Amino acid sequence: MTHEIAVIPGDGIGKEVTPAAVDVLEALEIDFEFVEADAGDSLKEATGEALPQETYDLAASADATLFGAAGETAADVILPLRDAVDSFVNIRPAKAYPGIDAVRPETDLVFLRENTEGVYAGHEDRLTEDVATLTRVVTESASAELGEFACEYVSESDDHDGFTIVHKANVMRETDGVFRDTIKSVADENGVETDEVLMDAFATRVCLEPEQFDVIACPNLAGDVLSDLAAGLVGGLGLLPSANVGSERGLFEPVHGTAPDIAGEGVANPAATIISAAMMLEFLGYDEQAHAVHEAVEATLEEGPRTPDLGGDASTDDVTDAIIERL
Ligand code: NAI
Ligand code: MG
């Protein structure tokens, strides 16, 4: 069966790392049909629109979407695209790989970030010249969906004993109260162990003792910030993949943005996007091929070549070729 894969490179290094991931997927000789579509700042400059309807529709109908990054229009592009695939959770593994000079080599975390609401629900207002407001939305239904997913996620593998709920329900009693209590009761019903940590305390503890944590369920903004923090522990944003998973579709993208400081130089680290592509393979049921990609990336991170963010002098293409050779 042919799978249709939407490919949306976007802006900046998105245009460099997305083709690299497609090269890796093509080397696997799976029956994929890649359909490329445009979105982002450069498209907006040219046409006035950052996310055309046809790009949205493609993501909404393809079996999976591979996305690079968008610049200043990121919120106008990525939030609707996550909606197009009906994604309720963003899975963000942050793992220190052998051979990489990580601040915390013992880090091996998976963030399960609520992907539809919280402060990113889009309810911002400018009441007066002086006052801007934001409505934070947390529903029992979205929290339960994340809770169910977290339970399934930790039950599927022997590597996980349970998960940690990160929240700030001591201050945001209603919203994070719903978040925490709903997830906790779903976990209890499923016989899955949980513990909970306030998000500010978590930020300190994860830096000092990352080995104390494993799978973390967190609200939207906290997941965004804390996973970037974890990127700092493992060697940088060039290493963090993500999967926006819905019930039928998924959108796979690196955690990083367009990296304007290095865009166009051909030295962006493609690992985050290639690992995101491996997560896409898993999602589509190609477990063996996903495993092969993970192994090839890990071997390349350990033995080189490496891009400058990891202390090397290799180009994006050098690293991609080395990964393909190791498949
Ligand atoms: P960024 O992630 O683009 O870059 C932060 C730092 O990490 C830079 O020094 C960059 O060179 C480095 N970096 C990131 N990815 C790398 C890679 N693959 N290889 C080597 N180095 C890498 O974040 P920043 O600078 O805050 O944002 C730049 C633009 O990207 C902004 O316009 C922002 O709106 C957008 N953005 C888009 C996202 C998306 O499309 N999902 C996510 C985050 C930011
Ligand atoms: Mg982010």
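What counts as what
Residues numbered from 1 in each chain as written. Chains lettered and ligands numbered in written order. Predicted model: local features only at pLDDT ≥ 70, side-chain atom pairs only at ≥ 80, totals over all residues. Heavy atoms only, no water. Disulfide = S-S within 2.5 Å. Near = heavy atom within 4 Å. Polar contact = N/O pair within 3.5 Å; in protein donor to acceptor, adjacent residues only side chain to side chain. Nonpolar A, V, L, I, M, F, W, Y, C, P; charged D, E, K, R; others polar. Helix = DSSP H or I, 4+ residues; strand = E, 2+ residues; numbered from the N terminus. Buried < 20%, exposed > 50% of the residue type's maximum accessible area, 1.4 Å probe, protein only. Domains from an automatic or database assignment. Contact = heavy atoms within 4.5 Å. Buried area = accessible area lost by both parts, 1.4 Å probe. Salt bridge = Lys/Arg side-chain N within 4 Å of Asp/Glu carboxyl O. Pairing = 2+ DSSP bridges. Axes fitted to C-alpha atoms, helices over the stretch in contact; angles between N-to-C directions.

Enquirer: Explain the state of the cysteines to me, and be specific about the residues and the numbers.
Expert: Note on terminology: a disulfide is the covalent bond linking the sulfur atoms of two cysteines. All chains considered together, the criterion is met by zero disulfides. Cysteine Cys 151 remains unbridged, with the sulfur of Cys 218 as its closest cysteine sulfur at 15 Å.

Enquirer: How would you summarise the site of ligand 1 if you had to cite specific residues and measurements?
Expert: The environment of ligand 1 is made up of 21 residues, and the closest members are Ala 70, Glu 72, Gly 257, Ala 259 and Asp 261. Between ligand 1 and Asn 269, the relevant distance is 2.9 Å, taken from a nitrogen atom to a main-chain nitrogen or oxygen of the residue. Considered class by class, the residues forming the shell around ligand 1 number 11 nonpolar, six polar and four charged.

Enquirer: Please set out the environment of Glu 295 residue by residue, giving values where relevant.
Expert: Relative to the helices and strands, Glu 295 resides in helix α10 (residues 287-303). Judged by its relative accessible area of 45%, Glu 295 falls in the partly exposed class. In sequence terms Glu 295 and Val 35 are 260 residues apart; their C-alpha atoms lie 27 Å from each other.

Enquirer: Requested: an account of the domain arrangement of the chain, with residues and values cited.
Expert: Per the domain assignment, the segments making up the chain are domain 1 (1-88 + 241-326) and domain 2 (103-234). Computed from C-alpha atoms alone, the centre-to-centre distance between domain 1 and domain 2 is 24 Å. If you look at the interface, domain 1 gives seven residues, while domain 2 gives eight residues. Counting each side, the surface lost to burial between domain 1 and domain 2 is near 700 Å², with a carbon and sulfur contribution of 55%. When residues of domain 1 are sorted by the area they lose upon contact with domain 2, Arg 82, Phe 88 and Val 255 head the list and together hold 71% of the total. Counting across the interface, domain 1 meets domain 2 through zero salt bridges. Remark: the boundary between domain 1 and domain 2 carries three residue pairs in polar contact (both at pLDDT 80 or more).

Enquirer: Go over the sheet that holds strand β4 (residues 87-95) with me, naming the residues and quoting the values.
Expert: A sheet is described by the order of its strands in space; here 10 strands give the open sequence β2-β1-β3-β12-β11-β4-β5-β10-β8-β9, paired in mixed fashion. A strand with exactly one partner marks an edge of an open sheet, and here the two such strands are β2 (32-36) and β9 (193-198). Each neighbouring strand pair of the sheet contributes to a mean axis angle of 25 degrees, computed without reference to strand direction. By the bridge criterion, five bridges tie strand β1 (residues 3-10) to β2 in an arrangement that is parallel. Across the sheet, His 3 pairs through a bridge with Phe 32, a residue of β2. Its contacts with the sheet place helix α1 (residues 14-27) against β1, β2 and β3 (64-69), and it is angled at close to 145 degrees to β3.

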